[in-house]
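Spelled out from the first residue to the last, the chains are:
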Amino acid sequence: MPVAVEPTSAPRTARRRQAPRPAAGRKPAGRAHGLWPYALIAPAIGGMLYLLVYPLVRAVLISFQDFRLRQLISGNAEFVGLRNYRTLLADPRFWEVVRRTFLFMAINVVLIMVIATLVALMVERLRRVGRTVVLCSLVLAWAMPVVAATTVFQWLFHSEFGIVNWALTSIGLDSFERYPWFANGTAAFAILVTLIVWQSVPFAAITLYSALTTVPLELYESARLDGAGAGRIFRSVTFPMLRPIFLLVFSLEVIWTFKAFVQIWVMTRGGPGDATTILPVYAVQSALSSQRYDLGSAASMITVVLMSGVLVLYFRQMFRQEDETR
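Predicted model only: the values in this text are computed from it and were never measured.

In terms of helices and strands, the chain carries 14 helices and two strands. Counting all 326 residues of the chain, 34% fall into the buried class. Considering only contacts in the chain between residues 6 or more positions apart, those separated by 24 or more positions represent 67%. Entry remark: accessible area of the chain is about 21,200 Å², with carbon and sulfur atoms responsible for 65%.

Okay, the packing of helix α6 (residues 146-156) against helix α8 (residues 185-212) next. Relative orientation of the contacting elements α6 and α8 amounts to 140°, with a least axis distance of 11 Å. By the angle class used here, α6 and α8 are oblique. Relative to α8, the crossing made by α6 is right-handed. Contacts from Val 146, Ala 149, Thr 150 and Phe 153 in α6 reach Ile 191, Thr 194, Leu 195, Trp 198 and Gln 199 in α8. Along the lines of polarity and charge, the residues of the contact of α6 with α8 split into six nonpolar, three polar and no charged.

This part covers the pattern of salt bridges. Once their charged atoms are close, side chains differing in charge can pair, the charge on each being opposite to the other. Inspection of the entire model under this criterion finds eight salt bridges. Notably, a salt bridge pairs Arg 93 with Asp 274, separated by 2.7 Å at the nearest N-O pair. Placement of Arg 93 in helix α4 (residues 92-125) and of Asp 274 in the loop between α12 (262-267) and α13 (279-289) is noted, with a sequence separation of 181 residues between them. Residue class for Arg 93 comes out partly exposed when judged on its relative accessible area of 31%. Glu 124 is the salt-bridge partner of Arg 125, the closest N and O atoms lying 3.6 Å from each other. One network of salt bridges, in which partners are shared, links Asp 66, Arg 68 and Arg 83.

Another aspect to go through is the side chain of Thr 150. In this fold, Thr 150 is placed in helix α6. According to the relative accessible area criterion, Thr 150 is buried, its value standing at 0%. Setting aside chain neighbours within four positions, we find Thr 150 in contact with Leu 195, Gln 263, Val 266 and Met 267.

Quick look at unusual backbone geometry now. Geometrically, the link from Gly 271 to Pro 272 is a cis peptide bond, its omega value of -5° lying close to zero. Among the secondary structure elements, Pro 272 is positioned in the loop between α12 and α13. Its identity is not glycine, yet Arg 178 carries a phi of approximately 55°, on the positive side. The residue Arg 178 is located in the loop between α7 (163-170) and α8 in this model. Classification of Arg 178 as exposed rests on a relative accessible area of 58%.

On to the confidence of the model for the chain. Should the pLDDT be low somewhere, the predicted coordinates at that spot are not to be read in detail. When pLDDT is averaged along the chain, the result is 84; 88% of the residues meet or exceed 70. Between residues 1-16, whose pLDDT stays under 50, and residues either more than four places distant or in other chains, the model counts zero contacts.

The biggest cluster of nonpolar side chains holds 67 residues, and the ones touching the most others in it are Leu 88, Phe 94, Phe 104 and Val 254. Examining the composition of this core, we find that 16 residues originate from one element, α8, more than from any other. In this structure Phe 94 touches Leu 88, Leu 89, Leu 279, Tyr 282 and Ile 302, once residues within four positions along its chain are discounted.

What follows deals with the packing of aromatic side chains. Per the stated rule, a full pass over the model turns up 19 aromatic pairs. On the basis of an interplanar angle of 5° and a centroid distance of 5.9 Å, the ring pair of Tyr 50 and Tyr 54 is categorised as stacked. Placement of the pair is Tyr 50 and Tyr 54 together in helix α1 (residues 29-63), with a separation of four residues, close to one helical turn. One aromatic cluster in this structure is built from Phe 153, Phe 157, Phe 176, Tyr 179, Trp 181 and Trp 198.

To continue, consider the packing of α4 against α8. It is the contact of α4 with α8, at a shortest axis distance of 7 Å, that shows an interaxial angle of 40°. With respect to α8, the axis of α4 lies oblique. Where α4 crosses over α8, the handedness of that crossing is right-handed. A class-by-class count of the residues in the contact of α4 with α8 yields 21 nonpolar, three polar and two charged.

Turning our attention to helix α5 (residues 128-143). Over its 16 residues, α5 extends 22 Å from the first C-alpha to the last, a length consistent with the 22 Å expected when each residue adds 1.5 Å. Looking at α5, one finds that the buried residues are Val 134, Leu 138 and Ala 141. Relative to the axis of α5, the buried residues are bounded by an arc of 65° and lie together on one face. Pointing more than 90 degrees away from the buried face of α5 are the exposed residues Arg 128, Val 129, Leu 140 and Ala 143. Looking at the buried side of α5, the elements it contacts are α4 and α8.

The rules behind the values
- Residues numbered from 1 in each chain as written.
- Predicted model: local features only at pLDDT ≥ 70, side-chain atom pairs only at ≥ 80, totals over all residues.
- Heavy atoms only, no water.
- Helix = DSSP H or I, 4+ residues; strand = E, 2+ residues; numbered from the N terminus.
- Buried < 20%, exposed > 50% of the residue type's maximum accessible area, 1.4 Å probe, protein only.
- Contact = heavy atoms within 4.5 Å.
- Areas by Shrake-Rupley, 256 points an atom, 1.4 Å probe, with all protein chains shown as cover.
- Axes fitted to C-alpha atoms, helices over the stretch in contact; angles between N-to-C directions.
- Parallel < 35°, antiparallel > 145°, perpendicular 65-115°, else oblique.
- Left-handed = near helix turned anticlockwise from the far one by under 90°.
- Nonpolar A, V, L, I, M, F, W, Y, C, P; charged D, E, K, R; others polar.
- Salt bridge = Lys/Arg side-chain N within 4 Å of Asp/Glu carboxyl O.
- pLDDT = per-residue confidence, 0-100.
- Core = buried A, V, L, I, M, F, W, Y, C linked by side-chain atoms within 4.5 Å.
- Phe/Tyr/Trp six-rings, centres within 6.5 Å; stacked < 30°, edge-to-face > 60°.
- Expected span 1.5 Å × (residues − 1).
- Arc of directions from axis to C-beta.

Listed below in structure tokens is the structure:
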């Protein structure tokens, strides 16, 4: 019996359809959509370049010029090469300010990191009500404007009306009656350290506490079952897990304390003598008091280089330790 043969089907590999060509005079729509995001962020990038990059470039140029009050008015500044930098590096007062700057930064950063870590660990162990009260207090202290906080500390340590002198004399320390805190270099330095630590701890503590909440509780339970104490748990569990956050907070605190200016300028103007003068204050003093804007710009550039060098060395050390532990 003859078998009916079905007609052959179409070949499996069909020809690829060619994309329709755009009509003459029309541009592809994809190009317009691709440029639209860049057009949206262009104003923000332009503003950032004008507010951040232009002042930096301008300061670099001024540091290589003979730029004083006359040049500020006339605009005709002569390039003098590295003369301003040689003048600064040959000044013994400049190196004393550099030494004081690193001492100021080291004391502040160590105190901030230690106190913030302890506060974060304490907040983690509090109940909901206590945790809320502490976190709200930290946020309020952090939100206080810098000038307002500096003014409060000025009144606290006022020689005649300050509450600190009143409290000390009330407990029998009569030598602190009308004690001039800001006339003593060591006392003024300590007050500024206290102020900056008080302003910086809230941010660091809240950041570290937020990171602590991400550590799995099973790791703590396993460490306790193995007989590890609180110190051992922090060194072996908490710190390794939060090393990137500690690195971030540390770098931010280095930057903020290295460039501290408002607190010192409002409270002591770098005095008494040079007891509280660090590099940012020294740069402003050179620019405003001596009308040497070129030396002030050169000091600012040296400040940026030194701060960058500190961060680079710290990052290299941290990354090297991470590579060794892997």
